[in-house]
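Here's the letter readout for the chains.
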Amino acid sequence: MILRPLNRRCREAALYRRLEPYAGKLARTVLRGENDSNAVFLLDVYKATNSVLSSKTNQYPSHYGSSRTLRYKQDIANKQVVADCIGGCKGYAWSNGGQGVLEAIGTDKTYTRKYGSNGCPDKSASGMFTYAKNKGMDWGTIDTLPEIPGLALFKEGHAGYYVGNGYAVEWKGFNYGCVKTAVKGRGWLNWYKLPFIDYGDADMGVHAPDVVENITLGSRLLKNGSTGTDVKALQELLNQVGATLTVDGIFGSKTEAAVIAFQKKAGIKQDGKYGDQSHAALMAAIAEKDAPLQTDPTPTEPVQDEPATGEKKVVITCDNGTVNIRVGNDTKYARITAAESGTVLPFVATAENGWHAVIVGDRVGWVSGKYSRIE
């Protein structure tokens, strides 16, 4: 990822908002929009200088040819502030919430930055997502994006920052700079909360445009207070391994206690939150009833020649309980997750045996045609 200036495009995208400190809290800044809404905006680190150019040229020699170097020298002459994608949040934290950064754009003003300050580590785009999950921060697949400005967005090797109403800001690349883009269609896989940002009492409900009502288990972090069809599926599966929960889709103290009891039995961290590690352990525990299982995701039968349209959906149908979604098109394959009746998933293709391939989070899974239909 190459450093780019926070230039005119960024001003057009987001800098019409006025930067102001929020209640003196460290590593938090609010941009008040034209409609008086609040948005956390993340600013970066470097003033464009010859020393930064020299450093980056040495670090990425293949990226700094004559045309790019000339462009960067123009940024130096124009006194720009430069960033890469994950540098947006690092620079925000390292400059005490972006203090002085806006004033430094296009001027001789400088600002103070302290490497690694305010609890923000020096991580890559992928590394920051892993770090946040390991710190127990809320996260989910992009189809569960809550309406919380300031959430980080992730796809492999890239980061962006949600500003509300279905839009994000991102350092898109050297030829684009910092731009405002629609979340939909950009290939984002996940959202997550940054550990060094104070999100206050932000509502974690799912409100973003084009989000389906039903949520697949394993697609987001679940904890006390979560609600949804994925919580209901979790309760169903916990009951299969010994719990006695009421299946109501509400993650309360009893569900939390059941998760802790399962985590203890599985020998994993006992925090009462249902994340990646707990999901893998629960799928493994449930899979013991399915032995022998295969984990090879290659279908055992040819798939019908029916390309994904981006419009068709697969609806899970069952009288009660949950329906398994597997890594292959047969019950001999291991579970990815389990879904409640009514869950809607993007359609990919149909195998000759009637199983449907669907998108589950950031991967492809298979569900029996006996318990699903295409719409």
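About the thresholds
- Residues numbered from 1 in each chain as written.
- Predicted model: local features only at pLDDT ≥ 70, side-chain atom pairs only at ≥ 80, totals over all residues.
- Heavy atoms only, no water.
- Core = buried A, V, L, I, M, F, W, Y, C linked by side-chain atoms within 4.5 Å.
- Buried < 20%, exposed > 50% of the residue type's maximum accessible area, 1.4 Å probe, protein only.
- Helix = DSSP H or I, 4+ residues; strand = E, 2+ residues; numbered from the N terminus.
- Contact = heavy atoms within 4.5 Å.
- Polar contact = N/O pair within 3.5 Å; in protein donor to acceptor, adjacent residues only side chain to side chain.
- Axes fitted to C-alpha atoms, helices over the stretch in contact; angles between N-to-C directions.
- Parallel < 35°, antiparallel > 145°, perpendicular 65-115°, else oblique.
- Nonpolar A, V, L, I, M, F, W, Y, C, P; charged D, E, K, R; others polar.
- pLDDT = per-residue confidence, 0-100.

What follows deals with the nonpolar core. Membership of the largest hydrophobic core comes to 38 residues, with the highest contact counts inside it found for Ile86, Met128, Leu153, Tyr161, Tyr192, Leu194 and Phe196. Secondary-structure elements contributing two or more residues to this core are α4 (87–94), α6 (125–134), β8 (152–155), β9 (158–164), β10 (167–173) and β12 (190–192). Looking at which element gives the most residues to this core, the answer is α6, with five residues. Those residues in contact with Leu153, other than ones at most four positions away along the chain, are Ile142, Leu145, His158, Ala159, Gly160, Tyr161, Tyr162, Ala168, Val183, Trp188, Asn190 and Trp191.

Mapped onto the elements, Ser95 comes out in the loop between α4 and α5 (101–104). Here the side chain of Ser95 touches Gly91 through a polar contact of 2.6 Å, landing on its backbone oxygen. When near neighbours in sequence (up to four residues on either side) are disregarded, Ser95 contacts Val101, Tyr111, Thr112 and Arg113.

The next point concerns the packing of helix α8 (residues 253–266) against helix α9 (residues 276–287). Two numbers describe how α8 lies on α9: the axes approach to 10 Å, and their chain directions differ by 75°. Regarding the angle of α8 to α9, the classification is roughly perpendicular. Contacts between α8 and α9 involve Phe262, Gln263 and Ala266 on the former and, on the latter, Ser278, Ala281, Leu282 and Ala285. Each residue belonging to the contact of α8 with α9 can be placed in one class, and the counts come to five nonpolar, two polar and no charged.

Tracing the sequence through the fold places Thr181 in strand β11 (residues 177–182). Of the residues examined, Thr181 reaches a relative accessible area of 10% and is grouped as buried. Side-chain polar atoms of Thr181 contact the side chain of Glu170, separated by 2.7 Å. Beyond its immediate sequence surroundings of up to four residues, Thr181 is in contact with Gly166, Tyr167, Ala168, Glu170 and Arg186.

Attention now moves to the confidence of the model for the protein. Averaged over all residues, the pLDDT of the protein equals 76, while 76% of them reach at least 70. No element of the protein has a lower mean pLDDT than strand β2 (residues 18–21), which averages 29, and none a higher one than α8, which averages 95. Under a pLDDT of 50 for its full length, residues 1–44 has, in the predicted model, 143 contacts with residues more than four places off or in other chains. In this model, residues 205–212 is a region of pLDDT below 50 whose contacts with residues beyond four sequence positions or in other chains number 21 contacts.

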